[in-house]
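Coordinate analysis (summary)
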Amino acid sequence: MATSRAPLRFADAVSATVSESAKSGFFFDFDGTIAPILRDPAAVFPVPGAVERLRVLAGLVSRVAIVSARPAAFLSDRFAAVPQVRLYGLYGMQTVVDGQVRTDAEARPWAPLMRDLAADALRDLPGEVLVEDKALLVALHYRTAPALRGAVERWASTKAAELGLREQYGRMVVELRPPVEHDKGTVVEREAETLTRAWYFGDDLSDGRAFDVLRDRELRDPAFLGVRVAVANGETGDELARRADFTVSAPEDTPDLLDHVIGAFPGRSARSYPG
Ligand SMILES: O=P(O)(O)OC[C@H]1O[C@H](O[C@H]2O[C@H](CO)[C@@H](O)[C@H](O)[C@H]2O)[C@H](O)[C@@H](O)[C@@H]1O
């Protein structure tokens, strides 16, 4: 994978951000990045300290956003305490404006088909597969039955071809989604348009698109700095970690890394970070 520049030192990334804080943004994936991976997706909340760090960051830089495959209503619930943090759900098909979920007009007509698809999955797939019906997206989880991975992937591929849907692979999950032009990369590209510094934190395959966008922007615009942070994991983490500027070992470590960024701002107590 082409990189746009020499390896970045953490201290340099931070000082470049502090010196252009009004044009800096921080973007976070949710699951596996600032939230733990559990067997039950409905039971997941941000790791301790994450929401507080986002609140502080939002007061220091121009933009803080969550960019997730979760529905925006789920994100709204988990981040209710920080309305200043922008929320993008379902890979950018949904956002939250003034507390209300807005769904992309191009995606909305797919709702009936996706509802039927969730019903088909419940009927066709073994009961150990968790079918997460996200209204415009259907996630097929095999975390509790890894041996079913092949059956789930075959079923998903057949349906995708039959219905003209897109497949997205992730951590013990295959998702089917409408063929609309939204992904984590398109969200970050748009959000970072007016920024000169953008950090993206992710752990999974879909986060690679956001990494791509930051690299492409750096290639086009030498004044732009994109900082890619991977959260390591033994499932899909290697692919992203290879392309990252920095890696943390678990979602629980993300708040600590953010403390090192926050501590570099004037008036905050400075802490050094290795690397
Ligand atoms: O874009 P993200 O915020 O990272 O969402 C990606 C998927 O996350 C969730 O699934 C993953 O986390 C679950 C809870 O820890 C875990 O059980 C599952 O195995 C993981 O794939 C979520 O349930 C999916 O809808 C998201 O697409």
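Reading guide: rules and limits
- Residues numbered from 1 in each chain as written.
- Predicted model: local features only at pLDDT ≥ 70, side-chain atom pairs only at ≥ 80, totals over all residues.
- Heavy atoms only, no water.
- UniProt positions renumbered as here; feature names shortened; annotations may be inferred.
- Axes fitted to C-alpha atoms, helices over the stretch in contact; angles between N-to-C directions.
- Helix = DSSP H or I, 4+ residues; strand = E, 2+ residues; numbered from the N terminus.
- Parallel < 35°, antiparallel > 145°, perpendicular 65-115°, else oblique.
- Left-handed = near helix turned anticlockwise from the far one by under 90°.
- Contact = heavy atoms within 4.5 Å.
- Nonpolar A, V, L, I, M, F, W, Y, C, P; charged D, E, K, R; others polar.
- 1 Å grid on protein atoms, 1.4 Å probe; cavity = no way out; pocket = protein on both sides within 12 Å on 5 of 7 lines; lining within 4 Å.
- Points joined across faces, edges and corners; volume = space filled by probe spheres on them.
- Near = heavy atom within 4 Å.
- Polar contact = N/O pair within 3.5 Å; in protein donor to acceptor, adjacent residues only side chain to side chain.
- Areas by Shrake-Rupley, 256 points an atom, 1.4 Å probe, with all protein chains shown as cover.
- Sits in = over half its atoms within 2 Å of the grid points.
- Salt bridge = Lys/Arg side-chain N within 4 Å of Asp/Glu carboxyl O.
- Pairing = 2+ DSSP bridges.

An unreviewed UniProt entry lists the protein chain under the name Trehalose 6-phosphate phosphatase, from Nonomuraea antimicrobica. Turning to the protein chain, the UniProt annotation filed under Function (unreviewed entry) states: "Removes the phosphate from trehalose 6-phosphate to produce free trehalose."

Points about the packing of helix α6 (residues 184-191) against helix α7 (residues 208-220)
Relative orientation of the contacting elements α6 and α7 amounts to 40°, with a least axis distance of 7 Å. With respect to their mutual orientation, α6 and α7 come out oblique. α7 is crossed by α6, and the crossing has right-handed handedness. Taken together, the residues of α7 that come into contact with α6 (itself represented by K184, G185, T186, V188 and E189) are R209, A210, V213, L214 and R220. Grouping the amino acids of the contact of α6 with α7 by side-chain chemistry returns 4 nonpolar, 2 polar and 4 charged.

Some points on empty space enclosed by the protein
By the definition in use, this model includes 1 cavity of 30 Å³ or more. Size it by volume and the largest cavity reaches roughly 430 Å³. Every element with two or more residues in the lining of the largest cavity is listed here: β7 (138-141), β8 (166-170) and β9 (173-177). The element best represented in the lining of the largest cavity is β8, accounting for 3 residues.

A word on the site of the ligand
The environment of the ligand is formed by 20 residues, the closest being D29, L38, K134, R171 and K184. At a separation of 2.5 Å, an oxygen atom of the ligand approaches a polar side-chain atom of D29. R143 places a side-chain nitrogen or oxygen 2.6 Å from an oxygen atom of the ligand. In the complex, 98% of the free accessible area of the ligand, which totals 570 Å², lies under the protein chains. In this structure the site holding the ligand corresponds to the largest cavity.

Let's talk about the pattern of salt bridges
What the rule picks out here adds up to 29 salt bridges. The shortest N-O distance in the salt bridge between E175 and K134 comes to 2.5 Å. Placement of the pair is E175 in strand β9 and K134 in the loop between β6 (130-133) and β7, with a sequence separation of 41 residues. Connected through salt bridges with shared partners, the residues D183, R209, D212, E239, R242 and R243 form a single ionic network.

Looking at the sheet that holds strand β10 (residues 197-202)
Spatial ordering of the open sheet is given by β5-β4-β3-β2-β1-β10-β11-β12, a layout of 8 strands whose pairing is mixed. Lying at the two open borders of the sheet, with one neighbouring strand each, are β5 (100-103) and β12 (246-248). For this sheet, the mean angle separating the axes of adjacent strands, direction not counted, is 20°. The sheet contact formed by strand β1 (residues 24-28) and β10 spans 5 bridges and is parallel. Each bridged residue has a counterpart across the sheet, and for F28 the counterpart in β10 is F201. Helix α2 (residues 50-58) rests against β1 and β2 (63-67) of the sheet, and its axis sits at about 145° to β2.

What to know about the layout of surface pockets
Estimated volume of the second largest pocket: approximately 150 Å³. S76, F79, A80, V82, P83, V85, R86, L87, V96, V97, D98 and G99 are the residues that line the second largest pocket. The set of elements that each furnish at least two residues to the lining of the second largest pocket consists of β3 (86-89) and β4 (94-97). Taken together, the residues that form the lining of the second largest pocket break down as 8 nonpolar, 2 polar and 2 charged.

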